[in-house]
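Residue-level structural notes
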Amino acid sequence: MPAFPEKSGVALLGFIFIFSFKAIAQDFSGNDVLKSYEQIGEFVIDKNINGEDSITFLNEVILEYVGIDPSLTFYSSVFQRYVSIDDVNFKGPGNFLFAVFLSEFNAGRLNFEQEAYFEESRFEGDFFLSGHFKGNARFASAEFHSDAMFSGETQFYQLADFQGARFLYDADFSLSVFKADVQFNYTRFGEVAYFDDARFEREASFLKIQLPDTLSFRNIRTNSIIDLTSVELDSAQLATHRKCYLDLRDAPIDKFKLRYDQFQVFWPEKIGASDYESLTNVYEGLLKNFKDRVYLTSYETLDKEYQAFKDLQNPNASPIKKMMNRVNFYWNNYGYNKERIWLWTLIFLLISTLVNWLAFPYLSKVVYPIEIIDTALYEGKPWRRKQFKTTGLLWNKVHGNVKYFSLAFFYTSLIFFGLKISTDRMNYRKPVGIILIYTEYLLGLICLGYLANFIISSGLIGQ
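Residues numbered from 1 in each chain as written. Predicted model: local features only at pLDDT ≥ 70, side-chain atom pairs only at ≥ 80, totals over all residues. Heavy atoms only, no water.

**Re the packing of aromatic side chains**
Stated formally: Each aromatic pair joins two rings of Phe, Tyr and Trp (for Trp, the six-membered one) with centres within 6.5 Å, and gets the label stacked for planes under 30 degrees apart, edge-to-face for over 60, and tilted for any other angle. Secondary structure elements follow DSSP: runs of H or I no shorter than four residues count as helices, runs of E no shorter than two count as strands, and numbering proceeds from the N terminus. Buried, partly exposed and exposed residues are distinguished by accessible area as a fraction of the type maximum, computed with a 1.4 Å probe on protein chains only: under 20%, between the cut-offs, and over 50%, respectively. In this analysis the charged atom, NZ for Lys or CZ for Arg, is taken to sit over a ring once it is within 6 Å of the ring centre and within 35 degrees of the ring normal.
One pass over the structure, following the stated rule, counts 63 aromatic pairs. Judged by centre distance (5.7 Å) and plane angle (80°), the rings of Y75 and F98 are edge-to-face. Residue Y75 is located in the loop between β4 (67-68) and β5 (78-79), and its partner F98 is located in the loop between β8 (94-95) and β9 (100-101); the two are separated by 23 residues in the primary sequence. Ring geometry for F112 and F133: centres 4.9 Å apart, planes at 10°, overall stacked. Of the two residues, F112 is situated in strand β10 (residues 105-112) and F133 in strand β13 (residues 127-133); the sequence distance between them amounts to 21 residues. Like F133, F112 is buried. For the cation-ring pair, R259 lies above Y295, with the distance from its terminal atom to the ring centre recorded as 4.0 Å. Between K310 and the ring centre of Y306, over which it is positioned, the NZ or CZ distance is 5.2 Å.

Printed below as a string of structure tokens:
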């Protein structure tokens, strides 16, 4: 009894398979095409989501050193296992529209004599391609769910269309040769997009691409402008304020058109002398690019980054030079925030006033007396001379001298903003006090110089 349903099921499955086999034979133009599929590997015939016939290859598909007949198509095919197409010549159009590759796809030394269609295809595994596309190569809207490798001197003789394609991980076009137009419009890149050593002989369009974490055009050659002004960051990059690292080492930077609000110059993890030199060339090339195109905001952003890079990342920079770089950053942001001098002047003046207030009797009576301060302190107030008999710091008597803070501020201002110090009143037998007075005097001269420069350069005078 149990054997009867089992045999019936097998017969029924056989009937369905034979029926489907005959149906697909008509759709694929006869038994010759089916025999070609049989030579490729074991397959079943099914329907895709549109109700059209679809071939699912169950085992590995390995094609080597063969020519594919023009009547053979892989439209809407499903490849469940590893696919290897090595040194294969497609005599007609390579039709992979709506194809699904569930495992690794390796196509080495591939030759398409006519168009190659991969629109709406899905690559769930790694994709390795090295070949020659003599007709149009259309990967529009294709999805790559793992690494997509077009490296190894893949050559596109006609249009290379990647519009709307999605690369969820790395996309490698290193050493690729685009002899005609290439379109990456609205393409979404994942982690890294490599175009190192690629050659663009015609127009390369990157309109509205979604930027990867790293975009590398190292040592490329191009005959046209690569316009990256309309690119976009993804939501994760925007949320974390991350930019796209752009590698332009040894690239013709004058051929790029971009704004720097979404990019950052790529640095290797460890910067040696040769890396430092090549990155310096990138910064200076981009600065010239932005200056020539009058991209002033981009120029300012990049220049500040470059000023920090020059000393802090220079393997031969001395500690003093690195320290001065930090000073320049905090002082006026490498010259781009000159108005900070007002804040620094106030800070230095208040700090000097506080120090002078704590040592006011010692400074005003012993180290550097100033007549107008002496008059304000003692004229008509003889009891104060008894209070100021000490010549040391009044750390333990600050609370009793708060009322003299205004005099200390006035005393400090005369030193800080005085263009000349009366050396004849200096008591050079008190070296600590002398060093303090001259330090405040020099700080004042520096601040006055920067204040004058700010006022003149900003046009506050003469408008």
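From this point, the discussion proceeds with the structure in view.
**Some details on helix α6 (residues 319-332)**
Keep this limit in mind: Here, expected helix span is obtained from the residue count minus one, scaled by 1.5 Å. By construction, the arc corresponds to the directions joining the helix axis to the C-beta atoms. Here a residue-residue contact requires only that any non-hydrogen atoms of the pair lie within 4.5 Å.
End to end, α6 covers 20 Å across 14 residues, agreeing with the expected 20 Å (1.5 Å per residue, within 8%). When α6 is considered as a whole, its buried residues turn out to be N325, W331 and N332. Along α6, the residues classed as buried sweep out an arc of 135° about the axis, all on the same side. Contacts from the buried residues of α6 go to α5 (296-312), α7 (340-358) and α12 (431-457). Downstream of α6 by one or two residues, N333 has phi in the positive range, about 55°.

**Structural notes on the packing of helix α4 (residues 273-292) against α5**
The line we're drawing: Here an axis means a line fitted to C-alpha atoms, over the contact stretch when the element is a helix, while the angle between two N-to-C directions is reported on a 0 to 180 degree scale. The cut-offs work like this: below 35 degrees is roughly parallel, past 145 is roughly antiparallel, 65 to 115 is roughly perpendicular, and the gaps in between are oblique. With the far helix as reference, a near helix turned anticlockwise by less than a right angle produces a left-handed crossing, and one turned clockwise produces a right-handed crossing.
Running from N to C, α4 and α5 cross one another at 160°; their axes reach a closest spacing of 9 Å. As summarised for this structure, α4 and α5 are arranged roughly antiparallel, according to the angle between their axes. You can see that α4 and α5 cross each other, and the crossing is left-handed. Residues Y276, L279, T280, Y283, E284, L286, L287, F290 and K291 of α4 pack against S298, Y299, L302, D303, E305, Y306, F309 and K310 of α5.

**Considerations on the side chain of D234**
For the record, the criterion: Residues scored as positive are Lys and Arg, those scored as negative are Asp and Glu, and His as well as the terminal groups of each chain are ignored. Any Lys or Arg side-chain nitrogen located within 4 Å of an Asp or Glu carboxyl oxygen qualifies as a salt bridge. Within 3.5 Å is the distance limit for a polar contact, defined as a pair of N or O atoms, with the added protein rule that one can donate a hydrogen and the other accept it, and that residues adjacent in sequence qualify only through two side-chain atoms.
Locating D234 in the fold gives a position in the loop between β28 (226-227) and α3 (235-239). Despite being buried, D234 has no salt bridge partner; R242 is the closest side chain of opposite charge, sitting 4.9 Å away. Separated by 2.7 Å, the side chain of D234 and the backbone nitrogen of Q237 make a polar contact.

**Section: the pattern of salt bridges**
Pairing between side chains of opposite charge can happen when their charged atoms approach one another. This model, assessed by the stated rule, comprises 13 salt bridges. Close ionic contact of K288 with D292 constitutes a salt bridge, the shortest N to O distance being 2.8 Å. Taken together, the residues K288 and D292, both in helix α4 and four residues apart, mark about one turn of the helix. The same class applies to K288 as to D292, namely exposed.

**Some words on the environment of S235**
Position of S235 among the secondary structure elements: in helix α3. Residue classification places S235 among the exposed residues on the basis of a relative accessible area of 62%. Measuring from C-alpha to C-alpha, the distance between S235 and Q210 comes to 10.0 Å, with 25 residues separating the pair along the chain.

**Describing the packing of α7 against helix α11 (residues 405-416)**
The line we're drawing: Lys, Arg, Asp and Glu make up the charged group, whereas Ala, Val, Leu, Ile, Met, Phe, Trp, Tyr, Cys and Pro make up the nonpolar group; the residues left over, Gly among them, are polar.
Running from N to C, α7 and α11 point in directions that differ by 125°, and their axes come no closer than 8 Å. Of the possible angle classes, the one that applies to α7 and α11 is oblique. Note that α7 runs across α11; the crossing there is right-handed. Residues T345, F348, L349, S352, T353, N356 and W357 of α7 lie in contact with α11, whose contacting residues are F405, A408, F409, Y411, T412, S413 and F416. Looking at the contact of α7 with α11 residue by residue, the classes come out as eight nonpolar, six polar and no charged.

**With respect to the nonpolar core**
As a rule of thumb, soluble globular proteins bury nonpolar side chains together. Keep this limit in mind: What is meant by a nonpolar core is a set of buried Ala, Val, Leu, Ile, Met, Phe, Trp, Tyr and Cys residues, joined one to another through side-chain atoms within 4.5 Å.
F139, F150, F195 and F217 are the most contacted members of the largest nonpolar core, which totals 80 residues. F195 has contacts with F173, S174, F184, F189, F200, F206, L215, S216, F217, R218 and I220, leaving out every residue within four places of it along the chain. In this structure, Y368, A408, Y411 and Y441 belong to the second largest nonpolar core, which totals 22 residues.

**Topic: unusual backbone geometry**
The backbone phi angle of K208 is positive, close to 60°, even though this residue is not glycine. Look at K208 and you get partly exposed, because its relative accessible area is 35%. You will see that Y334, though not glycine, has its phi angle at about 60°, which is positive.

So yeah, pure geometry; function would need other evidence.
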